[in-house]
Amino acid sequence: HHRRGRKVIERNILIHKKHLHYIMTEYSVLKQVVQCPFILNLHSAFQSSNYLYMVIDYCSGGDLTSIEGINNKKLLYAELILAFEYLHNKGIIYRDIKPENILLSEEGHIKLCDFNLAKEGIKDNVRAPSFCGSPLYLSPEMLGSGGVGKAADVFGIGLIMYEIETGVPAFYSKTTKDLYEKISNVSVNYTHHKIDEDILELIKNILVKNEHERFTLEDIKSHRYFKGFDWEK
């Protein structure tokens, strides 16, 4: 009795733009992640002579760009963390976290979508090519040439937290050069907005330039902001 959505892709466009690789990546990832309630569910896929079809969960709640207030921010963050924990345990890094890729179901639960930039087969010490994703939501290491690991996804979670808490992106600039400078130095303004002390401390531990000093998903889950939170439930 799921309400279904669909994603329809014209085959000629895919082949012409060499986007076939991206859609095959998405299809491959979605086939592997059916057990996670916080990731968009692929119900079936088929093709006609002109189109590829993917039957996916219908998310009537829009995405994180289209909602004004969130009733339970802590629950939303927790669902995001569990979605990434699930992906990382399967050796998948996402690399494209941004508000429009976090959909909301009718009941207000998150569904992570759009896996065409994901990278599979990533072990803890393996890195994927770095530069991809939306410029506003890049991690500092994504601007380098050394590739990225799972810590880049964690940085993205911190950016989403900051934006939900303040209403503005952590990195915003009029020029790309200035934007990349801010990302590279992790120049985040914490003074313009009143942020609750616990979540502020958590965000500051996530938005850290050195990925080896950055909080891990485990660190985030055990931080005092989530004290008493029932992760199993």
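1. Examining the overall build of the protein chain
In terms of helices and strands, the protein chain carries 7 helices and 5 strands. Ordered by position in the sequence, the α and β elements of the protein chain form the string β-α-α-β-β-α-β-β-α-α-α-α. Sorting the 233 residues of the protein chain into buried and exposed places 48% on the buried side. Of the contacts made within the protein chain by residues no fewer than 6 positions apart, 65% connect residues no fewer than 24 positions apart. Accessible area of the protein chain: about 12,500 Å², with a carbon and sulfur share of 49%.

2. A look at the packing of helix H4 (residues 150-166) against helix H6 (residues 197-206)
Look at H4 against H6: their axes get within 9 Å of each other, and the N-to-C directions meet at 145°. Taken as a pair, H4 and H6 cross one another with a handedness that is left-handed. Where H4 abuts H6, its residues Val154, Phe155, Gly158, Met161, Tyr162 and Glu165 lie against Ile199, Leu202, Ile203 and Ile206. Taken together, the residues of the contact of H4 with H6 sort by class into 8 nonpolar, 1 polar and 1 charged.

3. Some thoughts on the nonpolar core
Leu80, Phe84, Leu112, Met161, Leu202, Ile220 and Phe226 are the most contacted members of the largest nonpolar core, which has 55 residues in total. Only helix H3 (73-89), strand S4 (102-104), strand S5 (110-112), H4, helix H5 (176-185), H6 and helix H7 (217-221) provide two or more residues apiece to this core. With 10 residues, the single largest contributor to this core is H3. The contact partners of Leu80, leaving out residues within four places of it in the chain, are Ile97, Ile102, Ile110, Leu112, Ile157 and Ile160. Core analysis: the next-biggest nonpolar cluster, separate from the first, contains 10 residues, Ile23, Leu40, Leu42 and Met54 among them.

4. Some words on the confidence of the model for the protein chain
Averaged over every residue, the pLDDT of the protein chain is 82; residues scoring 70 or more account for 79%. Least confident of the elements in the protein chain is helix H1 (residues 11-16), whose mean pLDDT is 57; most confident is H7, at 97.

Each value, and the rule that gives it
- Residues numbered from 1 in each chain as written.
- Predicted model: local features only at pLDDT ≥ 70, side-chain atom pairs only at ≥ 80, totals over all residues.
- Heavy atoms only, no water.
- Helix = DSSP H or I, 4+ residues; strand = E, 2+ residues; numbered from the N terminus.
- Buried < 20%, exposed > 50% of the residue type's maximum accessible area, 1.4 Å probe, protein only.
- Contact = heavy atoms within 4.5 Å.
- Areas by Shrake-Rupley, 256 points an atom, 1.4 Å probe, with all protein chains shown as cover.
- Axes fitted to C-alpha atoms, helices over the stretch in contact; angles between N-to-C directions.
- Left-handed = near helix turned anticlockwise from the far one by under 90°.
- Nonpolar A, V, L, I, M, F, W, Y, C, P; charged D, E, K, R; others polar.
- Core = buried A, V, L, I, M, F, W, Y, C linked by side-chain atoms within 4.5 Å.
- pLDDT = per-residue confidence, 0-100.

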